[in-house]
Amino acid sequence: MILGDQSKYYKFHSHIYDYSRWSFLFGRKSLLDRSLPDFEPHRILDIGSGTGYQLKQLYRKFSESKITGIELSGHMIKKAHKKLQKYPIDLIRSDYIDQQFKKEGFDMITASYSLTMMSDHKRVTKKIHSELKRNGVLMIVDFYDTPFNSFRNWMKLNHVSFIPEYFDKDIPETGFKIETKVLRKAYGGLWSYVCLIYRKI
């Protein structure tokens, strides 16, 4: 469910990921600050956990929750294991679509700069919807759009697609209501990123 062959890409980038992504993966730290009041999730799933940045943020905010991260890249999850070895967080190496979870479902699912790197988005969204409990929350921070085709093409080389219609239309049509949407420009408008909170309906 990923775009292109990312195994070689992350074999290199896993070594520099934590030192370089701060310069353009904006909104990751503030995403959970926007979480809904009086919402205490019991089970949380983070999709595309990378080296574990978002998992650590989740634990700091929801330390009583059962937190699971799923990541396809073996190089990235190896870094996450080292970073999170002192935390009671479950890590799974798998394609999200292929992974079967317990029927009890999740109260919250998060995705930090991972959905724009996947293919077959409608299938992914249906799976998320089916695995969230009733009134469950989906929290996303991701690339949104760019007015520059040259930058759009460059990002495709880095396995990222700009898909604003997916966030604005496709996810709500799958059975989600937008609770919060915060859109921000990066580097004077070279691209925009979005923080979204959806509620399953």
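Not measured: the values here are computed from a predicted model.

About the cut-offs
Residue numbers here run from 1 along each chain, matching the order of that chain's written sequence. For a predicted model such as this one, the threshold for reporting local features is a pLDDT of at least 70, and the threshold for listing and counting side-chain atom pairs is 80 or more; totals across whole chains, interfaces and linings nevertheless cover every residue. Side-chain descriptors were evaluated using all non-hydrogen atoms of the structure, hydrogens and water having been removed beforehand. Note on pairing: two strands pair once DSSP finds at least 2 bridges between them. The secondary structure listing takes helices from DSSP runs of H or I that are at least 4 residues long and strands from runs of E that are at least 2 residues long, numbered from the N terminus. Geometry is summarised by axes, namely lines fitted to C-alpha atoms with helices restricted to the contacting stretch, and by angles between N-to-C directions that run from 0 to 180 degrees. Each angle gets one of four labels, with under 35 degrees taken as roughly parallel, over 145 as roughly antiparallel, 65 to 115 as roughly perpendicular, and the rest as oblique. It is the rotation of the near helix from the far one that decides the hand of a crossing: anticlockwise by less than a right angle makes it left-handed, clockwise makes it right-handed. Whether two residues are in contact is decided by their heavy atoms: any pair within 4.5 Å suffices. The residue classification treats Ala, Val, Leu, Ile, Met, Phe, Trp, Tyr, Cys and Pro as nonpolar and Asp, Glu, Lys and Arg as charged. All others, Gly included, are polar.

The strand order across the open sheet built from seven strands is S3-S2-S1-S4-S5-S7-S6, with neighbouring strands paired in mixed fashion. Both outer strands of the open sheet, strand S3 (89-93) and strand S6 (176-186), are each paired with one neighbouring strand and no more. Going across the sheet, the axis of each strand differs from the next one's by a mean of 15 degrees, ignoring polarity. Note: strand S2 (residues 66-71) against S3, five bridges, orientation parallel. Among the inter-strand pairings, Glu71 is bridged to a residue of S3, identified as Arg93.

The next point concerns the packing of helix H6 (residues 121-131) against helix H8 (residues 164-175). For the pair H6 and H8, the least separation of the axes is 10 Å and the interaxial angle reads 45 degrees. Classed by the angle they form, the pair H6 and H8 counts as oblique. The way H6 lies across H8 gives a crossing that is right-handed. Contact with H6, carried on its side by His121, Lys122, Thr125, Lys126 and His129, involves Tyr166, Asp170, Ile171, Thr174 and Gly175 of H8 and no other residues of that element. In terms of residue class, the contact of H6 with H8 is made up of two nonpolar, five polar and three charged.

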